[in-house]
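If you want the building blocks of each chain, they are given just below.
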There are 2 protein chains.
Amino acid sequence: MKISELSRCTGVALPTIKYYIRAEILPPGVRRSATQADYGPEHVRRLRLIRTLVEIGDLSLASIARILAVVDDPSISVHEMLGVAHGALAPEATSHDDDGIEQAVQEVMGFIEQLGWRVEASTPAVHQLAHALVTLRGLGWEVTSEVFAPYVDAADRIAEWELDQLPATSDRADLVEGVVIGTVVFETVLVAWRRLAEQRQSEARTAAIRPSGSSPPTSA
Amino acid sequence: MKISELSRCTGVALPTIKYYIRAEILPPGVRRSATQADYGPEHVRRLRLIRTLVEIGDLSLASIARILAVVDDPSISVHEMLGVAHGALAPEATSHDDDGIEQAVQEVMGFIEQLGWRVEASTPAVHQLAHALVTLRGLGWEVTSEVFAPYVDAADRIAEWELDQLPATSDRADLVEGVVIGTVVFETVLVAWRRLAEQRQSEARTAAIRPSGSSPPTSA
């Protein structure tokens, strides 16, 4: 199909498609003449993947390019792909108080080893957990890595269900889409449900935890 | 204490403190003379809260100001405060395909009603879930709101545990800190554990789902 048809069939504006081709995250069409190129289903699929990463994942073009480079490398396993998708989604590591973080990483790794999970200390998620520990302690909360326990079971059940949803196919493009989309979209789903559940639980308890009468604010 | 002591005791640089005062998210100290003002424990606490929102929540000053305005309003309940914290954390609503979203919101609300949860359709989390449904369908996944079922139980258990952690106090400042910090920090904790669990489950299955031999990439 022509590029104008590709635009109509995906709902992505023509200038945006051309921009993605220049940025080398969408392969160019097959040249038919000096002014025309031909686009196929693989372009439709790639555009859908890019738009999802932009709209739901709120990812930069640089992050998307990093994910797609892995997606297109046949020597990289689906498991490794998941790691790359996570890396692109993880917030930039802020390196405040390096000593404290380094020690907290050791604590988190110790906790993970007790679970019997094999995880590299360099995994972004490990750094996020260490950062959370350091932050909570800085706020005066006396927490150990045991504070993570309730999250482990919940996350493990969710992950098991999610991986069950991966298409039972050996088609790499299908698997890739499943892994990347699953990581990005279902993360927002989990976060949204936690918020709804917090609001529901909080509402049920409001009467109990609300200070009797309206006490004056304590700020200066 | 003097502003220089406030800086030392919180680790926040002097120009940053002055910036927060000008931005009216940190109350000014009590004037002692033309050049000196006095700062107390409430300033230390407020600075800790602001730094957590900046560092972990990655929030803009505008979002922080919105949260703090609610925190400082004694007529607003702790439950409402949670809603505001969630609103500030939620991504900007992208309004692509308004019709589809509107219908998906109805579906999500129907699912939530079946759960017996009381939730407003205007809640940002409801919009996020509707957006996820529309995105998945746009990608050709045939999903109904039943796809959310595994997340509901996990999220509800997590939320129950989290609210149990709120300090058993009627001191409003303590509660506020518990609610806001809990929302921001433990969201990153849950997301990090989901990623670790996905990696662990994926690794265990890699042999099974990896295409036999390395099939060539399907992209053009």
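See the structure printed just above.
Bear in mind the structure is a predicted one, so any value in this text is a computation, not a measurement.

Undergrad: Outline the pattern of salt bridges, listing residues and values.
TA: Within this structure, the stated rule accounts for 16 salt bridges over all chains. A salt bridge links E187 of chain A to R195 of chain B, with the shortest nitrogen-to-oxygen separation between them at 2.8 Å. With E187 of chain A in helix α9 (residues 172-209) and R195 of chain B in helix α9 (residues 172-209), the pair connects residues from two separate chains. Both residues of the pair, E187 of chain A and R195 of chain B, belong to the buried class. In this structure, the salt-bridge partner of R194 of chain A is E187 of chain B, at a minimum N-O distance of 3.5 Å. With one member in each of two chains, R194 of chain A in helix α9 and E187 of chain B in helix α9 form a pair that bridges those chains.

Undergrad: Which residues make up the packing of aromatic side chains, and what values do they have?
TA: Counting across every chain of the model gives 18 aromatic pairs over all chains. Seen in terms of ring centroids, Y19 of chain A and Y20 of chain A are 6.2 Å apart; in terms of plane orientation they differ by 40 degrees. Their pairing is tilted. Of the aromatic side chains, those joined through ring pairs into one cluster are F111, W117 and F148 of chain A together with W193 of chain B.

Undergrad: Give a detailed account of empty space enclosed by the protein, specifying residues and quantitative values.
TA: Taken as a whole, this structure holds 3 cavities of 30 Å³ or more when the rule is applied. In this structure, the largest cavity spans a volume of roughly 120 Å³. Lining the largest cavity are 13 residues, and of these E162, L163, L166, G178 and G182 of chain A lie nearest its centre. Every element with two or more residues in the lining of the largest cavity is listed here: α8 (149-164) and α9 of chain A together with α9 of chain B. Counting residues per element, the lining of the largest cavity draws most heavily on α9 of chain A, at 5 residues. Here the residues of the lining of the largest cavity are counted per class, giving 6 nonpolar, 4 polar and 3 charged.

Undergrad: So, the relation of the copies chain A and chain B: which residues are in play, and what are the values?
TA: Each of the two chain copies can be generated from the other by rotation about an axis followed by a shift along it. Once turned by 180 degrees and shifted 0.0 Å along the axis, chain A lies on chain B with an RMSD of 0.1 Å. On the angle and the small slide along the axis, the relation comes out as a two-fold axis. Minimal C-alpha separation from the rotation axis in chain A is found for A154 of chain A, amounting to 2.6 Å. Mapped onto chain B, 100% of the interface residues of chain A again fall at the interface, so both copies present the same surface.

Undergrad: So what's going on with the interface of chain A and chain B? Residues and values would help.
TA: Taken together, the contact between chain A and chain B spans 95 residues of the former and 95 residues of the latter. Between chain A and chain B, roughly 9500 Å² of surface is buried when both sides are summed, and carbon and sulfur atoms account for 66% of that area. Looking only at chain A, the three residues that lose the most surface to chain B are Y151, W193 and R195 of chain A, adding up to 9% of its buried area. Taken together, the connections running from chain A to chain B amount to 8 salt bridges. In this structure, the connection of chain A to chain B is made through 10 residue pairs in polar contact (both at pLDDT 80 or more). Contributing elements (two or more residues each) for the side of chain A that touches chain B: α3 (41-55), α5 (78-89), α6 (98-115), α7 (124-138), α8 and α9 of chain A. If you tally residues by element for the side of chain A that touches chain B, the top one is α9 of chain A, at 30 residues.

Calculation rules
- Residues numbered from 1 in each chain as written.
- Chains lettered and ligands numbered in written order.
- Predicted model: local features only at pLDDT ≥ 70, side-chain atom pairs only at ≥ 80, totals over all residues.
- Heavy atoms only, no water.
- Salt bridge = Lys/Arg side-chain N within 4 Å of Asp/Glu carboxyl O.
- Helix = DSSP H or I, 4+ residues; strand = E, 2+ residues; numbered from the N terminus.
- Buried < 20%, exposed > 50% of the residue type's maximum accessible area, 1.4 Å probe, protein only.
- Phe/Tyr/Trp six-rings, centres within 6.5 Å; stacked < 30°, edge-to-face > 60°.
- 1 Å grid on protein atoms, 1.4 Å probe; cavity = no way out; pocket = protein on both sides within 12 Å on 5 of 7 lines; lining within 4 Å.
- Points joined across faces, edges and corners; volume = space filled by probe spheres on them.
- Nonpolar A, V, L, I, M, F, W, Y, C, P; charged D, E, K, R; others polar.
- Least-squares fit on C-alpha atoms with pLDDT ≥ 70 in both.
- Contact = heavy atoms within 4.5 Å.
- Buried area = accessible area lost by both parts, 1.4 Å probe.
- Polar contact = N/O pair within 3.5 Å; in protein donor to acceptor, adjacent residues only side chain to side chain.

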